[in-house]
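Chain residues, written in single-letter form:
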Amino acid sequence: MSSSSKDVYLVIGGSGFLGRHIVQQLVARGDAVSVFDIVQRYHDVPFYSGDISEEGQVAGALRKSGATCIIHTASPIHGLDDPALYWKVNVDGTKAVIAAAVANGVPKLVYTSSAGVVFSGESLIDVDERVPPPEKAMDAYNESKLKAEEMVLAANGKGGLYTVALRPAGLFGPGDRQLMTGLYQTYLRNQTHFQIGDNTNLFDWTYIENAAYAHLLAADRLAPPSPEEVAKLKEELHNALPS
Ligand code: NAD
């Protein structure tokens, strides 16, 4: 597979919780990285201000940054009562990111989806990416994240673009502005003495640095196999088949 050190990264949503950790890890390993976001919170890497639902703005940032790998983490936060915003950013915006990537010859796109896209309200135990999404999404956030994920995966291998989508569960760790704020609001509202269920429910959490690292690993592996690798894979497949 191609070496990650050759890639130039554009982290879309790089001012956010996850995006910032991805930027920091890329910088720490010596990679060239820029950020595209509607908000600027940091000033240590090149920043492009824009909205992903504007394809021209994404395309401009791709050209100026010379990006060869997009890591797209942008989304409105979960829990807003605004389906139109989720659709605009996650669906139309992701469509614009894919189109801008293909038009500008960017070969790699890593998309941050969400574990919520397969959550139906029922327990999910020991499932993996093969579990189908529910017929009805839990809410507009999850519906739009699923639609975006499907578009990203459908774009794989087309127009010279290779894609992958990751589904983190709830993220926690340094820089969090959602989870702890929510817990603190619950505390302030004096709601901590309620218990729902029998206290045996489990929930998946992912430490933010692990989630960020997973994006770097996905980007590193996201490349068409070389002719030698294709030959090796074919030989392995041939040997695995019954004679
Ligand atoms: P965040 O809100 O901290 O970061 C998202 C960033 O995207 C923000 O900086 C925001 O300004 C930017 N953004 C939003 N709309 C934009 C637009 N139209 N154009 C450009 N930039 C835009 O959120 P986060 O917690 O870092 O989440 C990152 C990603 O991970 C999201 O895609 C989210 O759906 C996914 N995710 C988060 C969690 C979690 O627990 N936080 C869990 C699973 C998946």
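Residues numbered from 1 in each chain as written. Predicted model: local features only at pLDDT ≥ 70, side-chain atom pairs only at ≥ 80, totals over all residues.

(A) Geometry of the nonpolar core. Counting residues in each nonpolar core, the largest one holds 45 residues, and the members touching the most others are L10, V11, I12, I70, I71 and V97. Setting aside chain neighbours within four positions, we find I71 in contact with Y9, V11, I12, I22, V110, H215 and A219. (Core = buried A, V, L, I, M, F, W, Y, C linked by C-beta atoms within 7 Å. Buried ≥ 20, exposed ≤ 12 C-beta atoms within 10 Å, placed from the backbone. Contact = placed C-beta atoms within 7 Å.)

(B) Focus on helix 5 (residues 179-188). Across the ten residues of helix 5, zero count as buried, placing the element largely on the outside. Once helix 5 ends, the next one or two residues include N190, with phi positive near 60°. (Helix = DSSP H or I, 4+ residues; strand = E, 2+ residues; numbered from the N terminus.)

(C) Looking closely at the sheet that holds strand 2 (residues 32-37). The six strands are arranged 3-2-1-4-5-6 in an open sheet whose pairing can be described as parallel. Lying at the two open borders of the sheet, with one neighbouring strand each, are strand 3 (47-49) and strand 6 (162-166). Across the sheet, the mean angle from the axis of one strand to that of its neighbour is 15°, orientation sign disregarded. Most of the contacts of helix 2 (residues 55-65) go to strand 1 (residues 8-12), to which it runs at about 155°, and overall it touches strand 1, strand 2 and strand 3. Seen against the sheet, helix 3 (residues 83-103) touches strand 1, strand 4 (69-72) and strand 5 (108-112) and runs at an angle of roughly 175° to strand 4. (Pairing = 2+ DSSP bridges. Axes fitted to C-alpha atoms, helices over the stretch in contact; angles between N-to-C directions.)

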